[in-house]
Amino acid sequence: HTYHGSQAANYIIWSGNAKDRKVILKAIQKDDKLASICKNKYGSIVILTLLDSVDDTRLLNQIVVEKMVQIFEDVAFVKESDYIHTKKILHYILSGRVSLHKESIRKWLSTGDDFSTSKKDAEIRHKELFANFADKVITKYFVDDEKSDDKFEKLHEKLQFYLSNENKDNKSSIFLSDLTVGLIKIFKLELSTSSDKKMTKFRNFVREFMKILMQDI
C-alpha cells in the first residue's frame, strides 16, 4: 500500500509468467483483500496493472471483475469517501486505459508494454473483461425477472433511479454512460440482430437507457 511497494508489485506482474500472476491473484482472493486494495491510492494501481496484463481473463473475472460488480452500487453512489480510487478500476473495466483521467497513470501502465510477458491482444483482453462485467452488472441491478411481461418497465424504472440527480453524490450516470457506449462499440449492437440471450439483454439495456436520455433533451 505504498508507492515503492506498488512499483515493485507492478514490475513483478509485468515480468512474471502466467503462474506467477496466478499466485498473486490467488493471494488477493484468499485473504479477501481486493476491496481494501482498490480503495488505496497505490494498491489500486496494482489492480489496474493486473487487469492490464493478465492473460487469464477467466481468473481475472472471477477474482476482480465480479467483486467490482458486487460493490458497483456503493461506488456509483459514493457511499464511502475512500471509493475515489476504486472508481479508477470501474472506469478501466468499462473503457480501458483511455478512461483513466490522470495521464501519469496511463503512462505508468504503458511502462510495462516493452517487457511485459503478456501474449493476449489488449483489445481482446478488455472485451472479455467488459463482457463479463456488463452481463453481471445488468443482471444484478437491472433485471428482476427476465420472464416477466413488464421487464422493460422495471428496467426503465431502475435506470431512472440510477440516473436521478436527487443524490448529489450519484456518479452512476457516468458509469452507465460508459457501459452503454461500450456495449454499442464493442458488440456493435446497432448492427446486431442476434437472438442470443446475452445480446438481447444488452440491446434492451441500451434501448431503455437511450429512452431516458431522450426524455431529458
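This is a predicted model, so every value here is computed, not measured.

Draft legend 1. How the structure looks around the packing of helix α11 (residues 172-187) against helix α12 (residues 197-215). Direction vectors running N to C along α11 and α12 enclose 130 degrees, while the axes themselves pass 10 Å from each other. By the angle between their axes, α11 is oblique relative to α12. Where α11 crosses over α12, the handedness of that crossing is left-handed. Only Met-199, Phe-202, Phe-205, Val-206 and Phe-209 of α12 make contact with α11, whose side of the interface consists of Leu-176, Ser-177, Leu-179, Thr-180, Leu-183, Ile-184 and Phe-187.

Draft legend 2. Inspection of the layout of surface pockets at higher detail. Considering only enclosed or pocket space, the largest pocket measures out at about 700 Å³ in volume. In terms of lining, the largest pocket is formed by 29 residues, of which the most central are Ser-95, Gly-96, Ala-122, Glu-123 and His-126. Counting only elements with at least two residues in the lining of the largest pocket, the list comes to α4 (43-53), α7 (86-95), α9 (122-142) and α11. Per-element accounting of the lining of the largest pocket gives the leading share, seven residues, to α9. Looking at side-chain class alone, the lining of the largest pocket contains eleven nonpolar, eight polar and ten charged residues. Roughly 520 Å³ of internal volume is contained in the second largest pocket. For the second largest pocket, the lining is made up of 22 residues, of which Ile-45, Lys-88, Lys-102, Ser-104 and Ile-105 are closest to its centre.

Draft legend 3. Helix α8 (residues 103-111), seen in detail. Among the residues of α8, those classed as buried are Ile-105, Trp-108 and Leu-109. An end-on view of α8 places all buried positions within 95 degrees of arc, on one side of the element. Turned more than 90 degrees from where α8 packs its buried face, Ser-104 and Lys-107 sit exposed.

Draft legend 4. The arrangement of the nonpolar core in detail. Formed by 61 residues in total, the largest nonpolar core has its most connected members in Ile-47, Leu-51, Phe-72, Phe-133, Leu-176, Leu-179 and Leu-183. Here this core gets nine residues from one element, more than from any other, and that element is α9. Once residues within four sequence positions are removed from consideration, Leu-176 is found in contact with Phe-72, Phe-142, Leu-159, Tyr-162, Leu-163, Phe-205 and Phe-209.

Draft legend 5. How the structure looks around the side chain of Thr-180. Tracing the backbone through its elements, the reader meets Thr-180 in helix α11. Residue Thr-180 is classed as buried on the basis of its relative accessible area, which comes to 3%. With near-sequence residues (within four places) excluded, Thr-180 lies in contact with Phe-205, Val-206 and Phe-209.

Draft legend 6. Structural context of helix α1 (residues 3-15). Taking 1.5 Å as the rise per residue, α1 with 13 residues should run 18 Å; its terminal C-alpha atoms sit 19 Å apart, in good agreement. Taken as a whole, α1 has its buried residues at Ser-6, Asn-10, Ile-13 and Trp-14. What you see down the axis of α1 is that its buried residues fit within an arc of 95 degrees, all on one side.

Draft legend 7. How the structure looks around the pattern of salt bridges. This structure, assessed with the given rule, holds ten salt bridges. Salt-bridge contacts for Asp-55 lead to Arg-125; the nearest nitrogen and oxygen are separated by 3.0 Å. Pair noted here: Asp-55 is in the loop between α4 and α5 (57-70) and Arg-125 is in helix α9, with a separation of 70 residues, a long-range link. The residue Lys-120 makes a salt bridge to Glu-128 at a minimum N-O spacing of 2.9 Å. Taken together, the salt bridges that share partners define one network made up of Asp-52, Arg-97 and Asp-113.

Draft legend 8. Region of the structure containing the packing of α1 against α4. Between α1 and α4, whose axes approach to 9 Å, the crossing angle comes to 10 degrees. In terms of orientation, α1 and α4 fall into the roughly parallel class. Where α1 abuts α4, its residues Ser-6, Ala-9, Asn-10, Ile-13 and Trp-14 lie against Ile-45, Val-46, Thr-49, Leu-50 and Ser-53. When its residues are assigned to classes, the contact of α1 with α4 shows six nonpolar, four polar and no charged.

Draft legend 9. Region of the structure containing the packing of aromatic side chains. Under the defined criterion, the tally for this structure stands at 15 aromatic pairs. Considering the side-chain rings of Phe-72 and Phe-133, the 6.4 Å spacing of their centres and the 70 degrees angle between planes classify their relative orientation as edge-to-face. Of this pair, Phe-72 sits in helix α6 (residues 72-76) while Phe-133 sits in helix α9, and the two are 61 residues apart along the sequence. Assigned by exposure class, Phe-72 and Phe-133 land together as buried. Here the aromatic cluster, defined as three or more aromatic residues joined through ring pairs, consists of Phe-72, Phe-133, Tyr-141, Phe-142, Phe-161, Tyr-162, Phe-175, Phe-205 and Phe-209. Across the ring face of Tyr-141, the terminal group of Lys-140 is positioned such that the distance to the ring centre comes to 5.5 Å.

About the criteria used
- Residues numbered from 1 in each chain as written.
- Predicted model: local features only at pLDDT ≥ 70, side-chain atom pairs only at ≥ 80, totals over all residues.
- Heavy atoms only, no water.
- Axes fitted to C-alpha atoms, helices over the stretch in contact; angles between N-to-C directions.
- Helix = DSSP H or I, 4+ residues; strand = E, 2+ residues; numbered from the N terminus.
- Parallel < 35°, antiparallel > 145°, perpendicular 65-115°, else oblique.
- Left-handed = near helix turned anticlockwise from the far one by under 90°.
- Contact = heavy atoms within 4.5 Å.
- 1 Å grid on protein atoms, 1.4 Å probe; cavity = no way out; pocket = protein on both sides within 12 Å on 5 of 7 lines; lining within 4 Å.
- Points joined across faces, edges and corners; volume = space filled by probe spheres on them.
- Nonpolar A, V, L, I, M, F, W, Y, C, P; charged D, E, K, R; others polar.
- Buried < 20%, exposed > 50% of the residue type's maximum accessible area, 1.4 Å probe, protein only.
- Arc of directions from axis to C-beta.
- Core = buried A, V, L, I, M, F, W, Y, C linked by side-chain atoms within 4.5 Å.
- Expected span 1.5 Å × (residues − 1).
- Salt bridge = Lys/Arg side-chain N within 4 Å of Asp/Glu carboxyl O.
- Phe/Tyr/Trp six-rings, centres within 6.5 Å; stacked < 30°, edge-to-face > 60°.
- Lys NZ or Arg CZ within 6 Å of the ring centre and 35° of its normal.

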